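Architecture and fold: a report
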Amino acid sequence: MDADTTVSNVVLVTVDSLRADALGAYDSDRHTPVIDGLGDRGTVFERAFATGNWTPFSFPSILASRPVFADSGEIGVDAVPTLASVLSEAGVATGGFNAANGFLTSHWGYDDGFDEFEPFVASVGGSIYSRYLATHPTVEAWIQLATSPFRRIRSRLAGDVDDRPFLDTSRMFDVEHAAAAFLDTVEEPFFLWVHYMDTHTPYVPAPRYIREVSGNRVGTHRMLHAHTRTGLGWEVGERTLSDLRTLYQAAARQVDASVGRLLESLSANGFDDETAVVVAGDHGEEFQEHGHLAHYPKLYDELIRVPLIVDVPGTPGRRVEGPVGLDAVPPTVAALLNVDAPDSWAGSSLAPTVQNGDAPLDHPVVSVTVRGEEVTAQPIPRSLSDGDLLISVRDCDWTYIRNIDSETEELYRRPDDPDQQTDLTAADLDADSAGRAVIDRFRPLVDAHVELLRGHDRVAGNEGAEGPNTDIDAGLDARLEALGYK
């Protein structure tokens, strides 16, 4: 980190289930002008990879630079120094606002170090109706959409202006307003984290964004039809799949617009010239590339490749080809704020890359998931004892996946097979082939990661034991179920 840096503050924007190719910065056919502008000014990491396939497996890296399960065998960050706690101890003001993802709450330790923290996980009432809506957010969204004209009429008669197309099931406006209020009162230096849920299932964006990304080809009736088919478990044909992709892109544009308003708040408070902005997806989203929707426990690129953009005022725009993991986020943010990273953090700072153009360390990225007997089986695994452990390793060109418990492995060369459909281990690999050399190089990394994740259980003599995070209150459990985490 250069000593004469002008960065005083950092804003970290994370977006749930956001694929890299959902942004124009990665795919020119997409329309996300605000975030694309950050990419034009800042550094776009072409090969950024999540360290897990869903939020509780990925966020220990994003906010604590630690692999999931490495410290307790459980999800969460209770046992490690978080980014917010390290910054707070260094005198940085901290605010964190999460749009109702139940896995990013104080229950899992994510409030540690934040001066202001609000997860917006609403309590669920005791009535049958309220609990039904809590666990069927698509129904709730459509009820709110249907009643929104009456709300707008009532609001206008009262002399108010209501810009919301419907009541905000994704809690986007709550997060946005909380972040703006934080910026109105905070003193520098500060760290602000906001997490959006709009691109997480179900995708229910405002109609204007559906029209914007589809050229008026997809209306609300097709959104209802697509959600009805998927909600009832009916077969998803090409038209429904196309509509779901459109809704997903509209949700990404909705987030993009909210990020634009967040940047306006930075500017209104005079912070924009000295604030770095980091944008990342916590994991991706599948649209039947490997037979399913959403983000079931797999380690293919549609779930693991994510956007990572770092915009630091005064630095030139760059595009970086080397592979990087999301565990680089905490040390990068700390370096930008001239705060020393603890030795326990696994990632390396990307600040020299962003500011000086230095190549990132050429380290393959390791990702993890846990799978039960069936890919779609519930409940979502929350500990190492909940199923088979799968580990992947990626560099610029190759993806290697091993199921540790079944002792099966897969290998893909992405330049030739970007959708990872042809497993090269299905054919015999010659001893001197490039594929065999990759497997021989990646296997020790997998072995070391297995030892890291399972070693503490063997030392403590409690392998398979339930941890403290298994006892979840009923309200939080219902909200997790609303996200599909039953």
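Up top is the structure.
Remember, it's a predicted structure, so these values are computed and weren't measured experimentally. (Residues numbered from 1 in each chain as written. Predicted model: local features only at pLDDT ≥ 70, side-chain atom pairs only at ≥ 80, totals over all residues. Heavy atoms only, no water.)

Within the span of helix α7 (residues 207-214), buried status applies to Pro207, Tyr209, Ile210 and Ser214. Burial along α7 is one-sided: seen end-on, the buried residues are contained in an arc of 160°. Directly after α7, the chain includes Gly215, whose backbone phi takes a positive value near 65°. (Buried < 20%, exposed > 50% of the residue type's maximum accessible area, 1.4 Å probe, protein only. Helix = DSSP H or I, 4+ residues; strand = E, 2+ residues; numbered from the N terminus. Arc of directions from axis to C-beta.)

Right, let's talk about the environment of Asp362 for a bit. Tracing the sequence through the fold places Asp362 in the loop between α12 (351-356) and β12 (365-371). Accessibility expressed as a relative area gives 66% for Asp362, which makes it exposed. In sequence terms Asp362 and Cys396 are 34 residues apart; their C-alpha atoms lie 9.3 Å from each other.

Right, let's get into the nonpolar core. Ranked by internal contacts, the top residues of the largest apolar core, which has 69 residues, are Val10, Phe45, Phe69, Leu87, Phe191, Leu308 and Leu389. Setting aside anything within four residues of it in sequence, one finds Leu308 in contact with Tyr26, Thr43, Val44, Phe45, Ala48, Val278, Val279, Ala280, Val324, Val329 and Leu350. In this structure, Val11, Phe190, Met197 and Ile210 belong to the second largest nonpolar core, which totals 50 residues. (Core = buried A, V, L, I, M, F, W, Y, C linked by side-chain atoms within 4.5 Å. Contact = heavy atoms within 4.5 Å.)

What follows deals with the sheet that holds β12. The strand order across the open sheet built from four strands is β12-β13-β14-β15, with neighbouring strands paired in antiparallel fashion. Bordering the open sheet on either side are β12 and β15 (408-413), each of which pairs with just one other strand. Here the average twist between neighbouring strands, direction ignored, is 15°. Of the pairings in the sheet, the one linking strand β13 (residues 388-394) to strand β14 (residues 398-403) comprises five bridges and is antiparallel in character. Following the sheet pairing, Val393 is matched in β14 by Tyr400. (Pairing = 2+ DSSP bridges. Axes fitted to C-alpha atoms, helices over the stretch in contact; angles between N-to-C directions.)

Mapped onto the secondary structure, Asn101 falls in the loop between β3 (93-98) and β4 (116-118). Separated by 2.8 Å, the side chains of Asn101 and Asp16 make a polar contact. Within the structure, Asn101 has its side chain in polar contact with the backbone nitrogen of Phe103 (distance 2.9 Å). (Polar contact = N/O pair within 3.5 Å; in protein donor to acceptor, adjacent residues only side chain to side chain.)

This next bit is on empty space enclosed by the protein. Once rolled over the atoms, a probe with the size of a water molecule shows which space is left empty. For the structure shown, the criterion picks out four cavities of 30 Å³ or more. Space inside the second largest cavity adds up to approximately 50 Å³. Lining the second largest cavity are Arg19, Asp21, Arg30, Arg245, Tyr248, Gln249 and Phe287. The leading source of residues in the lining of the second largest cavity is helix α9 (residues 238-268), at three residues. Of the residues that constitute the lining of the second largest cavity, the class distribution is two nonpolar, one polar and four charged. (1 Å grid on protein atoms, 1.4 Å probe; cavity = no way out; pocket = protein on both sides within 12 Å on 5 of 7 lines; lining within 4 Å. Points joined across faces, edges and corners; volume = space filled by probe spheres on them. Nonpolar A, V, L, I, M, F, W, Y, C, P; charged D, E, K, R; others polar.)

One way to put it is that α7 packs onto α9 with a least axis distance of 8 Å and a crossing angle of 110°. One element, α7, and the other, α9, form an angle in the roughly perpendicular class. Crossing hand, α7 versus α9: right-handed. Between α7 and α9, the residues in contact are Tyr209, Ile210, Glu212, Val213 and Ser214 and Thr246, Leu247, Gln249, Ala250, Arg253, Gln254, Ala257 and Arg261, respectively. Taken together, the residues that form the contact of α7 with α9 break down as six nonpolar, four polar and three charged. (Parallel < 35°, antiparallel > 145°, perpendicular 65-115°, else oblique. Left-handed = near helix turned anticlockwise from the far one by under 90°.)

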